[in-house]
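Structural characterization, general
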Amino acid sequence: MEIERKFIPVALPDNLSDYPHKKIEQAYLNTAPVIRIRRQDDEYILTYKGGGMMAREEYNLPLNRSSYEHLLKKADGNVITKTRYLIPLTAHLTAELDIFEGIFSGMVLVEVEFSSVEEANAFEKPDWFGEDVTYDGHYHNSYLSQVKIKSEEPS
């Protein structure tokens, strides 16, 4: 079970480069239900996610590089690339700050995963987190994978 809340940060933490981070590339084979492939540094993962906004089923299976590359050719829509910074909030909560690259360059989201719905609902966000967009599907990566990006017409 994945239980997470999402926010649009209004500021970035100081010394961002001091935090551990991962380079992520992901694409979607399906969006209902969500079937995602992800490269996270040198790790490859196939993920199934059930329906829901804050709490939903999630299953991760390991892939190897050649399987990932094979499936990537079959993915629909946009490939999403981002750098994810892991910023400790408490002894057991970590903010996952995603700074998007490529076609979504300039977009920034922060997520926190929780062990229960009660813990998620009781969470008091830091000021820099900004607006809570947990229940806005436009901020799900599966939705972003299907957004039509306007290309500039050649001159």
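Definitions and cut-offs
- Residues numbered from 1 in each chain as written.
- Predicted model: local features only at pLDDT ≥ 70, side-chain atom pairs only at ≥ 80, totals over all residues.
- Heavy atoms only, no water.
- Phe/Tyr/Trp six-rings, centres within 6.5 Å; stacked < 30°, edge-to-face > 60°.
- Helix = DSSP H or I, 4+ residues; strand = E, 2+ residues; numbered from the N terminus.
- Core = buried A, V, L, I, M, F, W, Y, C linked by side-chain atoms within 4.5 Å.
- Buried < 20%, exposed > 50% of the residue type's maximum accessible area, 1.4 Å probe, protein only.
- Contact = heavy atoms within 4.5 Å.
- Salt bridge = Lys/Arg side-chain N within 4 Å of Asp/Glu carboxyl O.
- Polar contact = N/O pair within 3.5 Å; in protein donor to acceptor, adjacent residues only side chain to side chain.

**Some points on the packing of aromatic side chains**
Per the counting criterion, the structure on display carries seven aromatic pairs. Note on Phe 7 and Phe 129: the rings are 5.0 Å apart at their centroids and 55° apart in plane angle, and the pair reads as tilted. Residue Phe 7 is found in strand S1 (residues 2–8), and its partner Phe 129 is found in the loop between helix H2 (117–122) and strand S10 (131–132); the two are separated by 122 residues along the sequence.

**Focus on the nonpolar core**
By size, the foremost hydrophobic cluster in this structure holds 16 residues, and its most contacted members are Ile 87, Leu 97, Val 110, Phe 114, Phe 123, Trp 128 and Phe 129. Mapped onto this core, the elements with two or more residues apiece are S1, strand S7 (76–88), strand S8 (94–100) and strand S9 (108–113). Among all residues touching Phe 129, those that are not within four sequence positions of it are Phe 7, Ile 8, Pro 9, Val 10, Leu 89, Ala 95, Val 110, Val 112 and Phe 123. Counting nine residues, the second-largest nonpolar core is a separate cluster that includes Ile 80, Met 107, Leu 109 and Leu 144.

**Section: the environment of Thr 81**
For Thr 81, the location among the structural elements is in strand S7. On the basis of relative accessibility, which here comes to 23%, the residue Thr 81 falls in the partly exposed class. Each C-alpha atom, one on Thr 81 and one on Ile 103, is 8.5 Å from the other, the two residues being 22 residues apart in sequence. Contact partners of Thr 81, with chain neighbours within four places excluded, come to Ile 24, Glu 25, Phe 100, Glu 101 and Gly 102.

**Section: unusual backbone geometry**
A cis amide bond links Ala 32 with the next residue in sequence, Pro 33, at an omega value of 5°. Within the fold, Pro 33 resides in the loop between strand S2 (21–31) and strand S3 (34–40). Of note in this structure, Asn 15 is not a glycine but carries a positive phi near 55°. If you trace the backbone, Asn 15 turns up in the loop between S1 and S2. Residue Asn 15 is classed as exposed on the basis of its relative accessible area of 54%. Residue Asp 41 is not a glycine yet carries a positive backbone phi of 55°. Structurally, the position occupied by Asp 41 is in the loop between S3 and strand S4 (43–49).

**Re the pattern of salt bridges**
Counted under the stated rule, the structure contains 13 salt bridges. Residue Glu 4 is joined to Lys 6 by a salt bridge in which the shortest nitrogen-to-oxygen separation is 3.9 Å. Like Lys 6, Glu 4 is buried. Among the ionic pairs, Arg 39 bridges to Glu 25, the shortest N-O distance being 3.5 Å. Of this pair, Arg 39 sits in strand S3 while Glu 25 sits in strand S2, placing them 14 residues apart in sequence. The class for Glu 25 is buried, based on a relative accessible area of 14%. One network of salt bridges, with partners in common, ties together Glu 4, Lys 6, Lys 82, Arg 84, Glu 96, Asp 98 and Glu 111.

**Some details on the environment of Tyr 139**
Take Tyr 139: it is sitting in the loop between S10 and helix H3 (141–144). Non-local contacts of Tyr 139, meaning those with residues more than four positions away in its chain, are made with Lys 6, Ile 8, Met 107, Leu 109 and Val 133.

**Some details on the side chain of Glu 2**
You can see Glu 2 is positioned in strand S1. Of note is the side chain of Glu 2, whose polar atom sits 3.3 Å from the side chain of Lys 49. Not counting chain neighbours up to four residues away, the residues in contact with Glu 2 comprise Lys 49, Met 54, Ala 55, Arg 56, Glu 58 and Glu 113.

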